[in-house]
Structure formats: structure tokens, C-alpha cells
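One-letter residues, chain by chain:
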Amino acid sequence: MPRKPGRTLGQAMPCCTIGATFWESLFMTLLKKIWSPISWLLGKFWWLLDGSRRAFINLLWLLLLIVLFSALFRSGPKPLQQKTTLVLSLRGPLVEQYSGSARSQALAELQGQKAAKQTRLRDVLAVLDGAAKDPQITAVLLDLDEFSGAGMAGLHEVSSALQRFKKASSGKKVYAYGDHYSQRAYLLAAQADEIYMHPMGNVMIEGFGGYRTYYKDAFERLGVSANVLRVGTYKSAAEPYFTNAPSKATQEADSLLYGALWTSYTDQVEAARKLEKGAIARDIEQLPEQLAAVKGDTGQLALKQKLVDGLKTRDEMRALLVERGAKEGASFRRIAYGDYLAHLKHKPPFGPAVGVVVAEGSIVDGETQAGRVGGDSTAQLIRQARENEQVKAIVLRVNSPGGSAFASEIVRRELEITRKAGKPVVISMGDVAASGGYWISMSSDKVIADADTITGSIGVFGMLPTADKLVEKLSLHSAGTTTTWLKGSYDPMRPLDPRFASLVQSSIGHIYDDFTAKAAAARKKKVEEIDAVAQGRVWTGAQALERGLIDQLGSYADAIQAAAQLAKLEGEPRLIYIEREPGKLDKLLASFADAVAPSISNAIREQLGFTAAVPTPLQQVQQDLAWLSEVSEGRKPFTGVVHCLCALP
């Protein structure tokens, strides 16, 4: 076989190959000699660059640490200068505690709105009382344009704090300025020394009361039955779901309640503004003629009615405040409400104290986030206060229309145990303490309410909604086998079994008897006396006092002082607020409760021909159905609801 061309082991390399290798070697030698100093220079440059970077980062960390240590060890916020104006901007509703309710946020988003901001009542009171003692604060400016309101008791608390500020020194003044004034905002504005409004603004005082939406015919059209069972002639919370109009008993009770609240409101405003008694009611009756006389100018009408002291644009108001106070930059010297709150010095976190537990919102079984009253979670807070050795007495601040009877009893019982343990309990009623809100108030040493607190509503109801006729319309069928009639006796897809309805009615009757018996024991009265003022009827605080349902009229501060006296604490008591912060999981789980209401609402919208977003007239319907879902979903068998639809319209 012929040998393939190639090089054998002993064969010499060609001359050209030897030359190429030589030049490559020479090139690499020269390159190393040239690159070595360049490499050294680049290395030094990188060392310098990296060192500079490290030094810069270290300097930044050092600066950050200096700032942090300065913040930690400085004596407090920057001292205020003389003639400083406190700008009290109240945004959103006035609440007892901040709530992280996923339900309210979801509902707001459903209506195309952002979740409302909130203003905490105790912060407002602390700021105003602190400013009253602060010689640097010479004026308060009320900014109420974003204030969405409060109940009468909350408004009274802030009004009293404004009056305390004015009386602290002859030089302290309160000014109010707004683009517009709502009825609730105006009650606060009326406490000011001077009220100003934008020339294009208006003061809207309408009165109390309102109209409810009734669903009987709509439910029949859909094939839905509310199946409401109740005890209490005046227990009207569920009335809109099985009638088309309010009963005579409801009209009687509402008329007495709203009449008393309206009289209280007008008396306060007329006294504060030095108006003739009856002036507000007269001006409302003559409103069309009076507005026509000023050619539709609502600003001039408010001025003529002496509801405001002057009409000023925003820049004119700033100029006035500069003139009355001091100039700082392009405006008047001021400090915001939130910033001033940081200036306040808190009492040392030790020593004897009064513990405050807030019960605000609907009462529900189990645990819940702040903004609602969970039977288990609120009882745990009370237990925590009882076991705290520094807490010598407890104030339960109630602002609740009620809810679950079972959860209400869990809370009441925990207060009863607390009293047996030797710690006094005082109930401080806020805007509303009705039905379940009254139930949780029945184990205490003293019950104190505002004159316009909405309370009472001692009654019980239950709802067992069924949609068997709607199921028929959809050509759906429900069938099966059970060992007893009780198994599956309540199925929303089937007609309500009358035997099951009788069981629930008997249970509700028993809960009412228990309610009135406990109220009689708490108020040291006969059951018959309590029954005469119960039956689900709602009262103002003043009316409740006349009927022996509370001990005295007073403020939140009065309740704190009463608790301190019962615990024999000297001086101004230290307060400890016992609260549970809402967790992310709580918020997520709370959102599932709204699954049923939107479905019913969608069915109504389809029946009425609406396919787009919920129209404005149906937004209240959405809320009503959400509440219907809340009181009917997941409730324990044979339990009643002690709830009052008595939020002040």
C-alpha cells in the first residue's frame, strides 16, 4: 500500500515553520516587556478606583448612621416659634381606631372610589388639648373640606376640645375656612371665633333622617325570599328585606329619634352662632325664596343667614392668617395636625394606668381585623388588659350597631370575669351603642353616654334567605336522601322547612328573653320594665338616661376619670390602648365575605337591564345586599342577630 504523504518521526520541520515559531516567540517576549508596566498601571488604577468606591460607600454609611443616631438622641422635634397656627385638617370619617377592613376597601373600589382616609378621634383630642397648653400655638385653623363626617357623639367630643382650646387663653383663636360646609362639618365650624368660606361655596344643613330601599317586590320578582324571623315590635333592621315601606312602629320610633337629634343640633348651632332660636328651621323652609332673593348666590346667602363671617378666596384667607399671626415664607406660620401630634410628649410607659379597649364596628363571630368587633379577638384584648398588672381599670369604648348575639355574649362575659377579678369596668358609649353594642355594655360598674349617642335597640332577629323560585326559573333542581328531616332542612336552594323556621323562631325568642334578663340584672330593674323600653326600640343617650338604660351623660374623658376614681388612681391617669394590629391574612380572608352579595346585585342589574358598572342609584343596594350576605352567611344554627341599622343619615 503506498504511504500517505506526511511527516515521519525523524523527519525535519520545514524552514518556513522554524521561522514562524521564532517570530512568534520574539513577539510574545516583546509583548510581555511592554504589557508588564501597562498591567501594573491598570492594576494600580483599579486599586485606586475600587478603594475610592469603598471609601464613598463607607462615607455614605457613616453619614446615615450619624443621621440615625441624631434622630435617636435628639431631644424632640424642632421647637415651635411664636404665633404658630395649628392647621387641623380632618380627612375622611372620624373613627375610634384605624381599620384595615378589606371589605370596605373592596366596596369602595367597586363604586369607583378610593378607600377613604380616616382621622382617629383620640389623636384629635390629644392635639387640641396639647395646643391649649402650648404658648407657641395661638390659633387653630379648621380645614374640613375632606371631612366626611362623624356621629353626634364624636362631633361633641371635638367641639368640646375646641372650646377648651379657646378658653385656655384669651389670645387663642379658632378660625374655620372651607370651600363648602356639610352639616356635620358645620357643627365643628360653628365652634370657631370666625367662619370664612369661598365666595362660590355653600353651607348645606339639611336635617336628619332619610329614605331606605325596600326589596320585597324585587325579591319576589327574582324568586328570592328573605324569611325574616324577629322578636321586638320596633326591631326594624331587617324590615327592608320583607316589606315595601316602613311600618307604623318604625315611623314612630324614627320620628322620635330624629326629632330629638335635630333639636339638639339646631340648638347647638344657634347658640354657637348667636342666632335666634328656630332660625335654622325657618331658613330651610324659606330657602327657595331666600336663594332667589340673592340671585342664586349661595355664598351671599350663607353670609346673609349669618352662618359665615366673611367670604374669602384661598389667597385672601392666607393673607388674613398672616396678618393675625406671623409670616413664614410665602404663607402664614403653621404646623400641620400630623406634625404637631409628633410634638406631644407621652407619659412614661410604666406605672398604674387605665386600659382602653375599643369596640368599633359590626360584631362578628371569631376573630377579625380592627374596625370590627370580633367576639374572640375583642375578648382576648379584654383578657390581656385584665392580666396586665399595670392596668387597674378598663374602659370599653363602644361604637357599634351590634351584630352576632353569640359574639356579643362572649365579649360581655369577659367583662363580667374582669369585674369579678377586682378590676373596675366603665363603658364609654360613642356615636352608636345599640343592640349588640348595648349587649356588650351590660357588665360594667358604670355606663356613660353622650346625650346624642344612639343606643338601646334591645331586640333580636334572624334571616334565612332562600332562592328556590329563582332556582326553578334557572331550570335547576335539588334532590337527595337524608336520614332525618333536620339534615339539610335549611338549604337556600330549597323552600324553607316550616319546622326549621319554628326552631329558629324559638331560639330567637330565647335570646330575646336572655337579652332582657341580663339587661334587667345590669340595670337593677324588673324584666317587665326593661321589656317596656326594649322591643328593638332605639333611643338617644338622653332618652336612655330617662329610661334607666345608662348611668349618666358624659364624655370619653368623663369615662376615663370615672374608671380612675373606681380604681383609686390619683391625678391624671395614664392610658394604655389595648389593640390588635390587622394582619395581611386577616384582610385577605375578610374579603371572601363579599362573594354572595355581588352575585345577587348582578342578578338585579340584569333584571333591570343594566350591564355596565353599578349605577349611582344602586350603590346603596350593593351595600344593603353585602350586609344581608354578612348576617346570613356562615352563622351558627339557631343563633340570632342583635344589629341596628341606625347609623345617622
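For every chain, the first residue of the written sequence is number 1, and numbering continues from 1 along that sequence. With the structure being a predicted model, the display of local features is reserved for residues of pLDDT at least 70 and the display and counting of side-chain atom pairs for 80 or more, all residues being used for whole-chain, interface and lining totals. Note that the side-chain values use all heavy atoms of the structure and ignore hydrogens as well as water.

Participant: How should I be thinking about the overall build of the chain in this particular structure?
Facilitator: A tally of helices and strands in the chain yields 23 helices and 25 strands. The rule is simple: take the accessible area with a 1.4 Å probe, protein chains only, and divide by the maximum for that residue type; under 20% is buried, over 50% is exposed, in between is partly exposed. Expressed as a percentage of the 649 residues in the chain, the buried residues total 47%. All accessible areas in this document rest on Shrake-Rupley with a 1.4 Å probe, and a residue is counted as covered only by the protein chains that are shown. Carbon and sulfur atoms make up 58% of the accessible area of the chain, which amounts to about 34100 Å² in all. The way it works is that DSSP assigns letters per residue, a run of H or I at least four long becomes a helix, a run of E at least two long becomes a strand, and they are numbered from the N terminus.

Participant: How should I be thinking about the pairing of strand β6 (residues 173-178) in this particular structure?
Facilitator: Put simply, side chains in a regular strand alternate between the two faces of the sheet. With respect to burial, β6 is a largely interior element, five of its six residues being buried. Here, a strand pair is defined by DSSP locating no fewer than two bridges between the strands. In this sheet, β6 lies alongside strand β4 (residues 137-143) in parallel orientation, the contact comprising five bridges. Each residue of the ladder has a partner; that of Val140, found in β6, is Val174.

Participant: Please clarify how the packing of helix α13 (residues 375-387) against helix α14 (residues 405-420) should be interpreted in this entry.
Facilitator: Two quantities define a packed helix pair, namely the angle between the helix axes and the distance between the axes. Note on definitions: angles span 0 to 180 degrees between N-to-C directions of axes, and those axes are lines fitted to C-alpha atoms, for helices only across the stretch in contact. It is the contact of α13 with α14, at a shortest axis distance of 8 Å, that shows an interaxial angle of 10 degrees. Judged by the angle between their axes, α13 and α14 are roughly parallel. From α13, Gly375, Asp376, Thr378, Ala379, Ile382, Arg383 and Arg386 reach across to α14, where they touch Ala407, Ile410, Val411, Glu414, Leu415, Ile417 and Thr418. Following the grouping adopted for this structure description, the nonpolar residues are Ala, Val, Leu, Ile, Met, Phe, Trp, Tyr, Cys and Pro, the charged ones are Asp, Glu, Lys and Arg, and the polar ones are all others, Gly among them. When grouped by side-chain class, the residues that make up the contact of α13 with α14 number seven nonpolar, three polar and four charged. To sort the angles, those under 35 degrees are grouped as roughly parallel, those over 145 as roughly antiparallel, those from 65 to 115 as roughly perpendicular, and the leftovers as oblique. Whether two residues are in contact is decided by their heavy atoms, any of which lying within 4.5 Å being enough.

Participant: What am I meant to see in the nonpolar core here?
Facilitator: Inside soluble globular proteins, nonpolar side chains tend to come together where they are buried. Ranked by size, the top nonpolar core spans 75 residues in total, and within it Leu88, Phe147, Tyr186, Val203, Tyr265, Tyr340 and Val395 carry the most contacts. The element contributing the most residues to this core is helix α3 (residues 121-133), with seven residues. What Tyr186 contacts, discounting residues up to four positions off in sequence, is Tyr181, Ile195, Val203, Ile205, Tyr265, Val269, Arg273, Lys306 and Leu307. In this structure, Ala407, Ile440, Ile530 and Val533 belong to the second largest nonpolar core, which totals 49 residues. Note on terminology: a nonpolar core comprises buried Ala, Val, Leu, Ile, Met, Phe, Trp, Tyr and Cys residues joined through side-chain atoms within 4.5 Å.

Participant: Looking at this structure, I do not really get the sheet that holds β6. What am I missing?
Facilitator: Two modes of strand pairing occur in sheets, parallel and antiparallel, and in both the strands are linked by backbone hydrogen bonds. Overall, parallel pairing links the six strands, which are arranged β9-β7-β6-β4-β1-β12 in an open sheet. Both outer strands of the open sheet, β9 (310-311) and β12 (334-336), are each paired with one neighbouring strand and no more. With respect to the sheet, α3 is in contact with β1 (84-89) and β4, its orientation differing from that of β1 by roughly 165 degrees. Where helix α11 (residues 314-324) meets the sheet, it contacts β4, β6, β7 (194-197) and β9, and its direction lies at approximately 170 degrees from that of β6.

Participant: Looking at this structure, I do not really get the packing of α3 against helix α4 (residues 152-168). What am I missing?
Facilitator: It is the contact of α3 with α4, at a shortest axis distance of 8 Å, that shows an interaxial angle of 10 degrees. Considered as vectors, α3 and α4 are oriented roughly parallel to each other. On the side of α3, the interface is formed by Leu121, Val124, Leu125, Leu128, Asp129, Ala131 and Ala132, while α4 contributes Gly154, Glu157, Val158, Ala161, Leu162, Arg164, Phe165 and Ala168. A class-by-class count of the residues in the contact of α3 with α4 yields eleven nonpolar, one polar and three charged.

Participant: What is the right way to read the sheet that holds strand β2 (residues 92-95) from this model?
Facilitator: Reading across from one edge, β3-β2-β5 is the order of the three strands in this open sheet, with parallel pairing throughout. Both outer strands of the open sheet, β3 (119-120) and β5 (147-149), are each paired with one neighbouring strand and no more. Note: β2 against β5, two bridges, orientation parallel. When the bridges of β5 are listed, Gly92 appears paired with Phe147.

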